Amino acid sequence: CCASEPIDEMAAAAAKAQVGEKKLPHGRTEDGTEFLVPVTHDCWHDIKAGKLNLIEKFAAGLCILQIALVAFGILNKYAIVVIFFCWRAAYNGGLGWLLHQQSNHRTVERLLGQKFLVEGSPFRDWMKVQLSIKMGPEYDFEKVPMVYNVWLLFRGLVDIILWNDFVTYFVVVAAFTEVPAVITAWDVFLYIVAVVLIVLNWFWKMDALRVIKDFAWYWGDFFFLVDSELTFDGVFQMAPHPMYSIGYIGYYGLSLLSRSYTVLYVSLAAHICQFVFLAVVENPHIEKTYNTVCDQNERTQTRTALYSGPQAVFRRDLIIIKNVDLFRASDVLTLVILGQTIIGYFLGLPSWIYVAQCLAWRFFHSFALGYILHRQSSDKWFTKHFIKYGHSSKDAFSSWKTIYNLSLTMTHTTFLICALKMFECPDSLFSGGTLFKITCGVALTALHMWASHEVFEVVDEYGWFYGDFFVEKEGMRPDYNGIYRFLNNPEKVLGHASFYGIALVSDSWTMWALAVISQVCTMLFLHYVEGPHMRKLYGDEVRSEAGLTSAVKHKLRPFRLFQEGHTFLDQQTAKLSESLDKTKSTINSTGASISRKVDALRAPVTELVDPVAAAFTRRFGLLPKVVGKVTLSVQATAPIGEPLRVRWTSSVKPRSEDWIGIYPVGRNPSKTASSRSSQGRWVRVVAEQADKDGLYHGEVVFQGGQLPWRAGLYEARMHYKNNHGVLAISDPFEIEHTHLFPMIPESEDIGETDISIYLTELYSRILGDRAEVQPDAFLAPLLSKFEKMAVCDYVESALSVEIDLLVVDAYPTIGLLTDCLMQARASITGRPQEKSPGATPSSSPDKTKLRADVLELSSSASAAESPEVKKER
């Protein structure tokens, strides 16, 4: 072998034979040797050109022999089935083993090279002649690397096996073909479908050969690599591994043509063998050869934080029933609900109950969970609920994962149980096409399982549980590898294959209806929930057209009918959109008109209702019999946290039990009685002497915890005695944020020191002289319920973080509450909040002392609290 020959000499020799021709590609062996790859052709080209060496002639002779043995009745049809599976075993088992060994140990290169091609071998000269027959003038047996000649020899072995595998399959089809005595319209339809499948199979095989050339057709990359760019278009945009998937669809066309279950199951077995060959031999070699370390590292670095370390959000999560842990409460709950549902099948309940159960879980899965994800995408609604009660975003996501997995499991389980309830066992598997229905049902279920596995391989737990709705990480982008290379949303179609398969087996129109409803629900979910969120999160990176759609459009582009149909559809879509816009405008204008009429009717109704309500309140002592004229006045705007003065004027001397409360505008619908609590924002009226006109004047001051600590519109209401009958209502006034108590939107970052300063000022205003406000002082036990509510109101209004009273109790110091709010802001905004310069970490006092101090302060605060403060208004 002269593999070390200078490449320039080879190029010069090849150039003489290639004047005006395209340059030969460069090949590279495992040891790095480069060479010009001579031109090779597929077997169809060689047959047409008459360039067959003895190896291929031997393969052709075996094919003719098998046909003759069957034709003359020497072999019966079942013997040819055995022969077919022998060739199939030689293909998937024999060639598979050789390729696997070649990929990992270079076994074929060593065995064939040393046996037939090395200097001194008795077969070398004969092999040189046979290999040269098929090649062009640029091929030189002596100058190409030995591995190239080994590949040419291996191609001969492949031809022997594949030709005979191909021919014996057609012999099996011919031997088992049955022609019906009377050909019906249904038979004609089946024959048309069969011919279409066969033609598509031929077209897709030839298109695949066009793309990968005979180099990949004969597994050339197991021997050496070619430095050329492969454009995977056409059929490679339509389905994964088309040579092994849709490239065998002709098998099922021939099965329909033969009308034989034997051919069908032989075809299924052969196709399954191809998938095993793909999984065991081809895929591992592709992963090893073409997946670069750079791509793997980028994916690993991007997702390391999600799957490892103290902040990991995925740790052996329950997926259907995988990773089940009986020591985990959520897993036990899922198993209990699943078990009860399965037991319900044996109770013999009416069928409509199982249908209702199936629909309930489907609607919950698509619409209830869809609503949660929609709100989570728009304003982090689900996460904020957990933060409100002192939990973290991880707790929210963990709870979501449990709910989603339970819903997904029950949606599929209840559909299967309903199908079992509808299924009636036939008298014979061979009557009414029962066996065919079961076969198709199992195949569709297997397709669904494969699609789900492929989806999970691409999106893993992060996408499976819709992680980008809850955990936003930099560097995450749509991944259009694997099955997503061909379909944008595989779950839209393939994700319901098992539903239709189960419906087919059950032979129930109810199950067909449930399958269609399930798919429609999923399509609505994808359109209104997942699609908008993807566009919002990833923008232009979201692909508008999948590979399958692009390939089909490209193939149909030459057909004028398709172009006209496509244009017609576009026009009709535009007209439909215009009609919908007009309808929407009409609905909006009608709604506005109705709203105006309701408002017009509301005034006279109120005039009728309020006197009745006033009489009612007087009858039960909520208002005096003679109210007099009472007015309230408040400044139009007031800064949040500053004392608020409310002035009152009355023609009747107020009672010492009269009081003024502050309420959000619209909180109390009635003008004669306050039905809602003031939440501690109230002050008693102090009567003064009447002026010369006989009018009484006064002023009350709201401060600290009595103030509204949430920005918005408010009104003051004066009430009679200790009741809620309204004597007067002020004009609305507005509470605004100021530089001392600013509002920090979610879009802006905030430092730890800033939050600490705001909280310190807040606690100082609320507590007044009752305590010295320090970052590490235990202040929460000193606050009343309404004062804690004031803290919650300010935090939500200023920091966009909704918290509950329990959080104020759980974080009793300003430092601890600051840390809690920093983490909450980070969870809501999806980015860490930077610590301000000079920020000091919160101290961590001794827990025993902390508990004792909190109990002591809580007791003293409770003892000092007056009965008026305790009373909830």
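The model shown is predicted, which means the values in this text are computed figures rather than measured ones. (Residues numbered from 1 in each chain as written. Predicted model: local features only at pLDDT ≥ 70, side-chain atom pairs only at ≥ 80, totals over all residues. Heavy atoms only, no water.)

**Student:** Teacher, can you tell me more about the pattern of salt bridges here?
**Tutor:** Pairing between side chains of opposite charge can happen when their charged atoms approach one another. Scanning all chains against the criterion turns up 23 salt bridges. The shortest N-O distance in the salt bridge between Glu109 and Arg106 comes to 3.1 Å. For Arg106, a relative accessible area of 15% translates into the label buried. Between Asp793 and Arg710 there is a salt bridge, and its shortest N-O distance comes to 2.7 Å. On the criterion of sequence distance, the pair formed by Asp793 in helix α23 (residues 785-799) and Arg710 in the loop between β9 (696-702) and β10 (712-719) is long-range, its members being 83 residues apart. Arg710 gets classed as partly exposed once you look at its relative accessible area, which sits at 29%. Through salt bridges with shared partners, one network takes in Arg681, Arg710, Asp793 and Glu796. (Salt bridge = Lys/Arg side-chain N within 4 Å of Asp/Glu carboxyl O. Buried < 20%, exposed > 50% of the residue type's maximum accessible area, 1.4 Å probe, protein only. Helix = DSSP H or I, 4+ residues; strand = E, 2+ residues; numbered from the N terminus.)

**Student:** Whenever I open this one, the confidence of the model for the protein chain confuses me. Can you help?
**Tutor:** Detailed reading of the predicted coordinates is not advisable wherever pLDDT is low. Averaged over every residue, the pLDDT of the protein chain is 80; residues scoring 70 or more account for 80%. Here helix α27 (residues 867-870) stands out as the element of the protein chain with the lowest mean pLDDT, 40, in contrast to helix α13 (residues 351-379), whose mean of 94 is the highest. Counted against residues more than four places away or in other chains, residues 1-21, with its pLDDT under 50, gives 23 contacts. In the model, residues 836-873 has pLDDT below 50 throughout and makes 46 contacts with residues more than four positions away in sequence or in other chains. (pLDDT = per-residue confidence, 0-100. Contact = heavy atoms within 4.5 Å.)

**Student:** Before we go on, may I ask you to explain the side chain of Ser407 in this structure?
**Tutor:** Position of Ser407 relative to the elements: it lies in helix α15 (residues 393-422). A polar atom in the side chain of Ser407 sits 2.7 Å from the side chain of His365. If near-sequence neighbours (up to four positions away) are discounted, Ser407 is found in contact with Trp361, Phe364, His365 and Leu369. (Polar contact = N/O pair within 3.5 Å; in protein donor to acceptor, adjacent residues only side chain to side chain.)

**Student:** Explain helix α12 (residues 329-345) to me, please; I cannot follow it from the model alone.
**Tutor:** Residues spaced three or four apart along an α-helix face the same direction, because each turn holds 3.6 residues. Taking 1.5 Å of rise per residue, 17 residues should cover 24 Å, and α12 covers 25 Å from first to last C-alpha, within 8% of that figure. Every buried residue of α12 is listed here: Asp331, Thr334, Leu338, Thr341 and Gly344. Buried residues along α12 cover an arc of 155° about the axis, so they all sit on one side. α12 presents Ala329, Gln340 and Ile343 as exposed residues on the side facing more than 90 degrees away from its buried surface. Summarising the contacts, the buried residues of α12 are in contact with α13 and α15. (Expected span 1.5 Å × (residues − 1). Arc of directions from axis to C-beta.)

**Student:** What exactly am I supposed to notice about unusual backbone geometry here?
**Tutor:** Glycine aside, a negative phi is what most residues show, and trans is what most peptide bonds show. Here the phi dihedral of Gln679 falls at roughly 55°; this positive angle occurs in a residue that is not glycine. The topology assignment puts Gln679 in the loop between β7 (659-664) and β8 (682-684). A positive phi angle is found at Lys721, which is not glycine, with a value near 50°. Relative to the helices and strands, Lys721 resides in the loop between β10 and β11 (726-729).

**Student:** Looking at this structure, how should I read the packing of helix α4 (residues 77-105) against helix α7 (residues 146-176)?
**Tutor:** Any two packed helices are characterised by how steeply their axes cross, that is the angle between the axes, and by the distance between the axes. Relative to each other, α4 and α7 sit at 155°, their axes nearing to 9 Å. By the angle between their directions, the pair α4 and α7 is classed as roughly antiparallel. Judged by the sense of rotation from one axis to the other, the crossing of α4 with α7 is left-handed. Looking at the contact of α4 with α7, its residues break down into 22 nonpolar, 2 polar and 3 charged. (Axes fitted to C-alpha atoms, helices over the stretch in contact; angles between N-to-C directions. Parallel < 35°, antiparallel > 145°, perpendicular 65-115°, else oblique. Left-handed = near helix turned anticlockwise from the far one by under 90°. Nonpolar A, V, L, I, M, F, W, Y, C, P; charged D, E, K, R; others polar.)

**Student:** Honestly, the environment of Ile640 in this entry has me stumped. Any pointers?
**Tutor:** Within the secondary structure layout, Ile640 lies in the loop between β5 (637-639) and β6 (644-650). C-alpha of Ile640 to C-alpha of Thr738: the two residues are 98 residues apart in sequence and 6.8 Å apart in space. What Ile640 contacts, discounting residues up to four positions off in sequence, is Pro708, Trp709, Arg710, Ala711, Ile735, Glu736, His737, Thr738, Phe741 and Tyr794.

**Student:** How do you make sense of the nonpolar core when you look at a structure like this?
**Tutor:** If you look at soluble globular proteins, the nonpolar side chains tend to sit buried side by side. Membership of the largest hydrophobic core comes to 68 residues, with the highest contact counts inside it found for Tyr148, Phe154, Trp219 and Phe223. In terms of residue count, α7 provides more of this core than any other element does, 17 residues in total. Residue contacts for Phe154: discarding those within four places in its chain leaves Leu95, Leu98, Leu99, Val108, Tyr218, Trp219 and Phe223. With 60 residues, the next largest nonpolar core counts Leu632, Tyr720, Leu762 and Cys820 among its residues. (Core = buried A, V, L, I, M, F, W, Y, C linked by side-chain atoms within 4.5 Å.)

**Student:** Help me understand the environment of Gly370, please; the structure alone is not making it clear to me.
**Tutor:** Along the chain, Gly370 falls in helix α13. C-alpha separation for the pair Gly370 and Leu524, spaced 154 residues apart in sequence, amounts to 9.4 Å. Contacts of Gly370, omitting those with residues within four sequence positions, involve His365, Phe525 and Val529.

**Student:** Hey, could you run me through the sheet that holds strand β3 (residues 225-226) in this one?
**Tutor:** In a beta sheet, neighbouring strands pair by backbone hydrogen bonds and run either parallel or antiparallel. Taken together, the 3 strands give an open sheet; going across it, the order is β2-β1-β3, and neighbouring strands pair in antiparallel fashion. The sheet is open, and its two edges are formed by β2 (34-36) and β3, each paired on a single side. As paired elements, strand β1 (residues 26-28) and β2 share 3 bridges and run antiparallel to each other. Following the sheet pairing, Arg28 is matched in β2 by Glu34. (Pairing = 2+ DSSP bridges.)

**Student:** How do you make sense of a nonpolar patch on the surface when you look at a structure like this?
**Tutor:** A surface patch of nonpolar side chains, amounting to about 740 Å² of accessible area, comprises Ile320, Ile321, Val324, Leu326, Phe327, Val332, Leu335 and Val336. As for its placement among the helices and strands, Ile321 is situated in the loop between α11 (293-307) and α12. Look at Ile321 and you get partly exposed, because its relative accessible area is 49%. (Patch = residues over 30% accessible without salt bridge, like charges linked within 9 Å, V, L, I, M, F, W, Y side chains within 5 Å. Areas by Shrake-Rupley, 256 points an atom, 1.4 Å probe, with all protein chains shown as cover.)

**Student:** What is the right way to read the sheet that holds β9 from this model?
**Tutor:** Reading across the sheet, the 3 strands line up as β4-β6-β9 and stay open at both edges, with antiparallel pairing between neighbours. For this open sheet the edge positions go to β4 (630-634) and β9, each flanked by a neighbour on one side alone. Across the sheet, the mean angle separating the axes of adjacent strands is 20° when strand polarity is ignored. As paired elements, β4 and β6 share 5 bridges and run antiparallel to each other.

**Student:** It is not clear to me how the state of the cysteines should be interpreted in this structure. Could you clarify?
**Tutor:** A covalent bond bridging the sulfur atoms of two cysteines is what the word disulfide describes. Under the defined criterion, the tally for this structure stands at 0 disulfides. Distance from the sulfur of Cys358, which forms no disulfide, to the nearest cysteine sulfur (Cys418) is 5.4 Å. (Disulfide = S-S within 2.5 Å.)

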